[in-house]
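Architecture at a glance
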Amino acid sequence: MSGNRIQPRSVARLAAVQALYQMEVSGAGVDSVIREFGEHRFDRDVEGERLAAADETFFAELTKGVVTNQAKVDQGIVKRLASGWRLERLDATARAVLRAGAFELMYRPDVPTEVVINEYVEIAKSFFEGPESGFINGALDAIARDARD
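Residues numbered from 1 in each chain as written. Predicted model: local features only at pLDDT ≥ 70, side-chain atom pairs only at ≥ 80, totals over all residues. Heavy atoms only, no water.

Relative to the elements of secondary structure, Asp-149 occurs in the segment after α7 (132–148). Between the alpha carbons of Asp-149 and Gly-84 there is a distance of 26 Å; along the sequence they are 65 residues apart. (Helix = DSSP H or I, 4+ residues; strand = E, 2+ residues; numbered from the N terminus.)

The next thing to look at is the packing of aromatic side chains. Each aromatic ring pair is summarised here by two numbers: the centre-to-centre distance and the angle between the ring planes. The final tally for this structure, using the stated rule, is 2 aromatic pairs. Where Phe-103 meets Tyr-107, the ring centres are 5.3 Å apart and the plane angle is 20°; that geometry is what we call stacked. Here Phe-103 pairs with Tyr-107, and both are found in helix α5 (residues 92–107), just 4 residues apart, close to one helical turn. Overall, Tyr-107 belongs to the partly exposed group, its relative accessible area being 30%. The ring of Phe-58 carries the charged tip of Arg-9 above its face, separated from the ring centre by 4.0 Å. Over the face of the ring belonging to Trp-85 we find Arg-89, whose NZ or CZ atom lies 3.7 Å from the ring centre. (Phe/Tyr/Trp six-rings, centres within 6.5 Å; stacked < 30°, edge-to-face > 60°. Buried < 20%, exposed > 50% of the residue type's maximum accessible area, 1.4 Å probe, protein only. Lys NZ or Arg CZ within 6 Å of the ring centre and 35° of its normal.)

Our focus in this paragraph is the pattern of salt bridges. Opposite charge on two side chains permits pairing when their charged atoms draw close. With the rule as written, the count across this model stands at 14 salt bridges. Linking Asp-74 and Arg-99 is a salt bridge whose minimum nitrogen-to-oxygen distance equals 2.8 Å. Of this pair, Asp-74 sits in helix α4 (residues 70–78) while Arg-99 sits in helix α5, and the two are 25 residues apart along the sequence. (Salt bridge = Lys/Arg side-chain N within 4 Å of Asp/Glu carboxyl O.)

Here it is, written out as structure tokens:
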């Protein structure tokens, strides 16, 4: 995700997914992870190339929002999983993508549904080559119907 063509909110969404994943696998707290991203990951050059700028405020709002509302966000996701599936059965990255997307759909009505779904499907494609992006698309579409209709 380099270059100026990538929107700051898109970078923030990707970073939020990475932060949520990092918190889950390391047990780190939300404030320390947000601080780490601000101090060490945003506004950096990588291999001589300037990374796209992130909307750091939006990143922090997404990350804290998921953590603060995780029980309700997870309920919204689980409601749309196949019968008998548990959230823990999903890959940790897929969980992070779904949690961030579900949070936006449930708690950020100012962001259009299509934008949320498209952004997180693209993020999923950057992590997965298989059917996961289609699964995430379907799940977020169903969550959007629950949250916004």
